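# Close look at the chain arrangement
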2 protein chains.
Amino acid sequence: MTKEKAIRLLDAATGRKACDLVIRNAKVVNVYTHEIQEGDLFVDNGLIVGIGGNRKAKKEIDAKGAYLVPGFIDGHCHIESSHLTPTAFSDIVVPYGTTSVIADPHEICNVCGNDAMAYMLKSAKNATLSIYYMYPSCVPATPFEHAGCILGAKEAEEFIDDDSVLGLGEMMNYPGVVNADEMVLDKLAVAYEKKKNIDGHAPNVSSSDLDGYIGVGITTDHECATAEELKERIARGMYVMLRQGTACKNVLDLVKGIDDKNYRWALFCTDDRQPETIVKHGHLNHGVNLAIDAGLDPVTAICMATINAAECYGLKDRGAIAPGKRADFFLTEKLTDISAKQVFIDGMLVAENGSILKPSVPVKAEGIEGRMNVKDFSAEKLKLKLNSNHVRIIDIIPGQVVTKAGEAYVKRDENGYWVHESSKDILKLAVVERHNGLGNVAVALIRGYGMKHGAVATSIAHDSHNIIVIGDNDEDMASAVRNLISLGGGITMVKDGKVLDNHRLEVGGLMTGDSALEVSKTLERMHETAYKELGVSKDVDPFMTLCFMALPVIPEYKLTDIGLFDVVKFDFVDINLD
Amino acid sequence: MTKEKAIRLLDAATGRKACDLVIRNAKVVNVYTHEIQEGDLFVDNGLIVGIGGNRKAKKEIDAKGAYLVPGFIDGHCHIESSHLTPTAFSDIVVPYGTTSVIADPHEICNVCGNDAMAYMLKSAKNATLSIYYMYPSCVPATPFEHAGCILGAKEAEEFIDDDSVLGLGEMMNYPGVVNADEMVLDKLAVAYEKKKNIDGHAPNVSSSDLDGYIGVGITTDHECATAEELKERIARGMYVMLRQGTACKNVLDLVKGIDDKNYRWALFCTDDRQPETIVKHGHLNHGVNLAIDAGLDPVTAICMATINAAECYGLKDRGAIAPGKRADFFLTEKLTDISAKQVFIDGMLVAENGSILKPSVPVKAEGIEGRMNVKDFSAEKLKLKLNSNHVRIIDIIPGQVVTKAGEAYVKRDENGYWVHESSKDILKLAVVERHNGLGNVAVALIRGYGMKHGAVATSIAHDSHNIIVIGDNDEDMASAVRNLISLGGGITMVKDGKVLDNHRLEVGGLMTGDSALEVSKTLERMHETAYKELGVSKDVDPFMTLCFMALPVIPEYKLTDIGLFDVVKFDFVDINLD
């Protein structure tokens, strides 16, 4: 609020001047009382003025008895998972009634550090959606890989004062917290100093460790998988998020733990939601509707998606339809199946019947385009020399991001190099460092992908986002890597030296300014190609599966640019077993 | 939180180091889940560590199955109403389980402006109680009287950044807000700029005006008298306080409006609580217990008195018994009649069985002692010359602060001066300006006080706190005023030139460093004297009645240092009717 805004609001509230807009015949959902108020909602200068009263308005919209719901606030998401730039992301999620998000840009920051942070903040200013950020707390995610940069307390200080930065992003390094690691605590101290929030990420942390983790001021967790975990965290003063992402779907399990006392400390979030999922199922409303279907009272669910998130992040200007709040809300015919018909942000109609009315103006990704800094790459580097036929192998578990630590007997040529056998579903997996021209290429074997012939490469490889490539032959693999570099990142498929298809992600190799619909179409087409032309097993998602193969915090075997990593042993292991 | 505190908390939480204290066999009230957790509560370095776990402690206390309740937070109070300095106030309220208060020092600031603010902040630092302040928004309360100073936006800026100043105090000038008065909005803008709270005070404000008042960011109201008013405010996003003061007792009416949805937006407060009331009925626990007696769920009531207040004022470090929160809590045998047996602040036992263990060290009230700057006072100034026998008169309504606009026929001497008639219960009332030596003395007539002979004078006269004196003869009245000046403020009673008794309030004429018990005893004795020796009617409180006779915002007739004021007409009126 400012003095000028206050004067204008008072003039509008008291009827001294006409309001910008009135939405007549609305059923307004009141998150404070849980009541539905029937009436005319007056809006002026982007703010809610009030319901009813002796007021005039310059413009009228007839809600025809539809429900007016406060704009949804996504408590935690990674915009990069949508493959979209913040402005393109805004254009796809706003039509679903999401009007604010709290985003952790740790994917792109793993690639381009504070340059990415600056770009994300600049892009947010151009977006119709209100985008707040949490400064990434864990870049790189682990010391077992090379990311584009290292973000410490010093780097965090550069951005922590920004009004759009609400604090420190998900503190994934929970062992570091619990063991009072100096570097971790230095980062927390940046948030302490500025009285900003710290988001959590604490799967399976419980009892005394959880006391410590929460005790040092980590206030949210979106990694709960069971109602018991949710209750354990809320009882200790945490806000718990019910996540409905593309891979991680926790709403139905977690909603069982919500009751009419503890709901106050629960929010919804999407975390990682792929473009196809958004286009197919919507955004935050998807999780909200699932919870309602499962029996949660609709107004309680709406409170969780609105005022609770606002309270959690100290966003005093939103989360409710009440005097002085931002006029961010949407109309829906039903409360049992929430579907935004018309979405208003800042008092303006911005989306209708699922479409954005005026696309956000993109921001040029200066300095963070491409970022494919690969040194001395050649097919030669993909060769896998073995000392034994008996080797460690990454076993894909269909539909999951965890893998099994497998063993296999493979074939070697006369020089000891691995040879692909068409009778066995074993392929080569390589991670190519792409950030600082280190020249690192690590190679391992993987089973269960199903591909018969060719190669797939991508620059989306959590969390360091080096290049990950899979194939049956080094030539196609090398060709895929080279093509990906020339694209500036994305996903590519190669067979017999020919590029089958590309998904270009020109911003840091992770995001594109294309629309969600285009991206979704491209990916749908490429999925088909991967199954039909490359013979990838229908049990696995050809791209998502690859994206998680370099993430050394998810068991059991993963491959980083340094080598094969055993997450259970928390150390690198030799591929040779004998 | 700081890095050092975090490291120590982590060591304590994980059992790496022993905790300072464990409270065994407690029933811990969880304000997040509303559950009662049975177990051992560990505390270290002033912070809560957690319940149970494999931990050791240097010291043990056996709760013997008593309930452990988070320390109560008084959402709104004026410390000056207790007649006690902040340190003396701390010592009396802490034993009742109040561990934090949000205080508006507008009484003492009316006398000494920012000097008082500085003193109150300094005193707060010495108090066991956590004292937060709201910077007074309405000094002077009206333009119809002379206070000690005028506090505007500029003066507010001096203190608004202080961590102990949570925002702007109760905005009593609601017409000024609704009508967008520039000076009022300048003050609000100080809070906007620093993202601080603004407290409200909006009796009888409703519908469109209330939309405006709330819309500009005023977030609390403690002036609700009915459940309907409470609901109307909560529905618009306000926090509503259930007040149980000495004169204003709203808990029983307001608790009717609380339900299991809206309780989240309700707090308790004491506002103005006299020393005798505190000694007799306790502090915030009084209102909480009344609400529970009236049927409110005890844990819900506790949430309102703790976490809700913490949320309302952004006090993230308190309001719950959870890891990392301040170890402010108390033990009570029952939840149906909450009575603090042992009170802990910052992890230390500070009060037991109703008594503070170690009194707070007082702060010298440098620069704000006395403040009885009266110029050219003489008995002559108390003479009341009338043009008519038919006059306006202030009619006291027993037990209330409102008065009736009365008329009377009185007697005059040969020079036209009013003459006291012992057959009629009509006395002289005078207000003597005491702040800036203006020499103002205003005189009027008052009916219903009952006093037969003598005079009573006090420097407590809301909100400007000039001297108010009542009597049947000018000599005793003048003598009372003179004696009050020499005391440096307080209350005094005079009869036939002899001082009957004194209550000395040496700090700004409003507060004393004496203990609550001493003050309470003095006042009890003086009440007796007023009834027995002066013949004051038992229907009225001899001192409280006087304190509100100069407050020109409470109908119908009041007297300021400028003259007789008709609050309904909102203007000064002539005492002569014909």
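## Some thoughts on the pattern of salt bridges
Applying the stated criterion to the full structure yields 62 salt bridges over all chains. Among the ionic pairs, Asp 253 of chain B bridges to Lys 256 of chain B, the shortest N-O distance being 3.7 Å. Assessed through its relative accessible area of 63%, Lys 256 of chain B is described here as exposed. The network of salt bridges with shared partners includes Arg 55 of chain A together with Asp 211, Asp 221, Glu 232, Arg 233 and Arg 236 of chain B.

## Describing the environment of Asp 578 of chain B
Residue and element names in this part refer to chain B. Summarising the element assignment, Asp 578 is placed in the segment after strand S30 (571-572). Asp 578 gets classed as exposed once you look at its relative accessible area, which sits at 63%. When the C-alpha positions of Asp 578 and Asn 389 are compared, they lie 8.0 Å apart, and in sequence the two are 189 residues distant. Among the polar contacts made by the side chain of Asp 578, one reaches the side chain of His 390 at a distance of 3.0 Å.

## Comments concerning the sheet that holds strand S29 (residues 564-566) of chain A
Residue and element names in this part refer to chain A. Spatial strand order, S28-S29-S30: three strands in an open sheet with antiparallel pairing. In the strand order of this sheet, the two ends are held by strand S28 (557-559) and strand S30 (571-572), each with one partner. Of the strand pairs in this sheet, S28 and S29 are connected by three bridges, and their pairing is antiparallel. Counted as the bridge partner of Lys 558 is Phe 565 from S29.

## Section: unusual backbone geometry
The omega angle of the peptide bond from His 462 of chain A to Asp 463 of chain A is -15 degrees, so this bond is cis rather than trans. Pro 555 of chain B connects to Glu 556 of chain B through a cis peptide bond whose omega is -5 degrees. Examined against the element boundaries, Glu 556 of chain B turns out to sit in the loop between helix H16 (544-547) and strand S28 (557-559). Even without being glycine, Phe 570 of chain A reaches a positive phi, approximately 55 degrees. Along the chain, the position of Phe 570 of chain A falls in the loop between S29 and S30.

## With respect to the interface of chain B and chain A
If you look at the interface, chain B gives 59 residues, while chain A gives 59 residues. Both sides of the chain B and chain A interface together cover about 4,700 Å² of buried area, and 54% of this is carbon and sulfur. It is Lys 3, Tyr 32 and Arg 264 of chain B in chain B that bury the most area against chain A; as a group they hold 15% of the surface buried on that side. Along the contact surface separating chain B from chain A lie eight salt bridges. As a salt-bridge pair, Arg 55 of chain A and Asp 211 of chain B come within 2.6 Å of each other at their nearest N and O atoms. Across the chain B-chain A interface, the total number found is 18 residue pairs in polar contact (both at pLDDT 80 or more). Broken down by element, the side of chain B that touches chain A gets its largest block of residues, seven residues, from helix H7 (residues 207-215) of chain B. Looking at the side of chain B that touches chain A residue by residue, the class counts come to 27 nonpolar, 17 polar and 15 charged.

## Remarks on a negative patch on the surface
A contiguous patch of negative charge on the surface is contributed by Glu 35, Asp 259 and Asp 260 of chain A together with Glu 35, Asp 259 and Asp 260 of chain B. Of note, Glu 35 of chain B is situated in the loop between strand S1 (19-29) and strand S2 (36-44). By relative accessible area, Glu 35 of chain B is classed as partly exposed at 44%.

## Brief notes about the sheet that holds strand S26 (residues 490-495) of chain B
All names here are of chain B. An order of S19-S18-S23-S22-S25-S24-S26-S27 is seen for the eight strands of this open sheet, with the pairing classed as mixed. Edge positions in the sheet fall to strand S19 (403-409) and strand S27 (498-504), since each has one partner strand and no second. Averaged over all adjacent pairs, the angle separating strand axes in this sheet is 25 degrees, with direction ignored. With two bridges connecting them, strand S18 (residues 390-396) and strand S23 (residues 441-447) associate as parallel partners. From the neighbouring strand, Ile 394 faces S23, where its bridge partner is Ile 446. Across the sheet, helix H14 (residues 474-487) lies against strand S22 (426-432), strand S24 (455-458), strand S25 (467-471), S26 and S27, angled at about 145 degrees from S26, the strand it touches most.

## Brief notes about the relation of the copies chain B and chain A
The two copies are related by a screw motion: chain B maps onto chain A through a turn of 180 degrees and a shift of 0.0 Å along the axis, at an RMSD of 0.1 Å. When the rotation and shift are considered jointly, the pair of chain copies conforms to a two-fold rotation axis. Of the interface residues in chain B, 100% have counterparts in chain A that sit at the interface too, so the contact is made through matching surfaces.

## Some remarks on the confidence of the model for chain A
For chain A, per-residue confidence averages 97 on the pLDDT scale, and residues scoring 70 or more make up 100% of the total. Across the whole predicted complex the pTM is 0.96, and at the interface the ipTM reaches 0.95.

## Focus on the side chain of Thr 87 of chain A
All names here are of chain A. Looking at where Thr 87 falls in the secondary structure, it is placed in helix H2 (residues 86-93). For Thr 87, a relative accessible area of 3% gives the class buried. Dropping the residues within four chain positions of it, Thr 87 is found in contact with Ser 123, Asn 126, Ala 127, Ser 360, Val 361 and Pro 362.

What counts, and where the lines are drawn
- Position labels on residues start from 1 in each chain and follow its written sequence.
- Labels are handed out in written order, letters beginning with A for the chains and numbers beginning with 1 for the ligands.
- Since the coordinates come from a predicted model, pLDDT governs what is reported: local features require at least 70, and pairs of side-chain atoms require 80 or more to be given and counted, while whole-chain, interface and lining totals use all residues.
- The basis for the side-chain values is all heavy atoms of the structure; hydrogens and waters are excluded.
- Counted as salt bridges are all cases of a side-chain nitrogen of Lys or Arg within 4 Å of a carboxyl oxygen of Asp or Glu.
- Only protein chains enter the accessibility calculation, which uses a 1.4 Å probe; a residue whose area is less than 20% of its type maximum is buried, one above 50% is exposed, and one in between is partly exposed.
- A run of DSSP states H or I qualifies as a helix once it reaches four residues; a run of E qualifies as a strand once it reaches two. Both are numbered from the N-terminal end.
- Side-chain atoms alone can form a polar contact between residues adjacent in sequence; in general such a contact is a pair of N or O atoms within 3.5 Å, and within protein one must be able to donate a hydrogen while the other accepts it.
- Here a strand pair is declared whenever DSSP counts at least two bridges between the two strands.
- Note on definitions: a residue-residue contact is assigned when non-hydrogen atoms from the two residues lie within 4.5 Å.
- The term buried area refers to how much accessible surface (probe radius 1.4 Å) is lost by two components on association, counted for both of them together.
- Gly is put with the polar residues, along with every residue not named as nonpolar or charged; the nonpolar set is Ala, Val, Leu, Ile, Met, Phe, Trp, Tyr, Cys and Pro, and the charged set is Asp, Glu, Lys and Arg.
- Grouping into patches uses exposed residues only, defined as over 30% relative accessible area, and leaves out salt-bridged ones; the cut-off is 9 Å for like charges and 5 Å for nonpolar side chains (Val, Leu, Ile, Met, Phe, Trp, Tyr).
- For the accessible areas, the method is Shrake-Rupley and the probe is 1.4 Å, while residue cover comes only from the protein chains on display.
- When charges are tallied, Lys and Arg are placed among the positive residues and Asp and Glu among the negative ones, while His and the ends of the chain are skipped.
- Where a charge sits is defined by one atom per residue type, namely NZ (Lys), CZ (Arg), CG (Asp) or CD (Glu).
- Every axis in this analysis is a line fitted to C-alpha atoms, fitted for helices over the stretch in contact. Angles between the N-to-C directions lie between 0 and 180 degrees.
- Superposition of the copies used a least-squares fit over C-alpha atoms from residues whose pLDDT is at least 70 in both.
- On a scale of 0 to 100, pLDDT captures the predictor's confidence in every residue.

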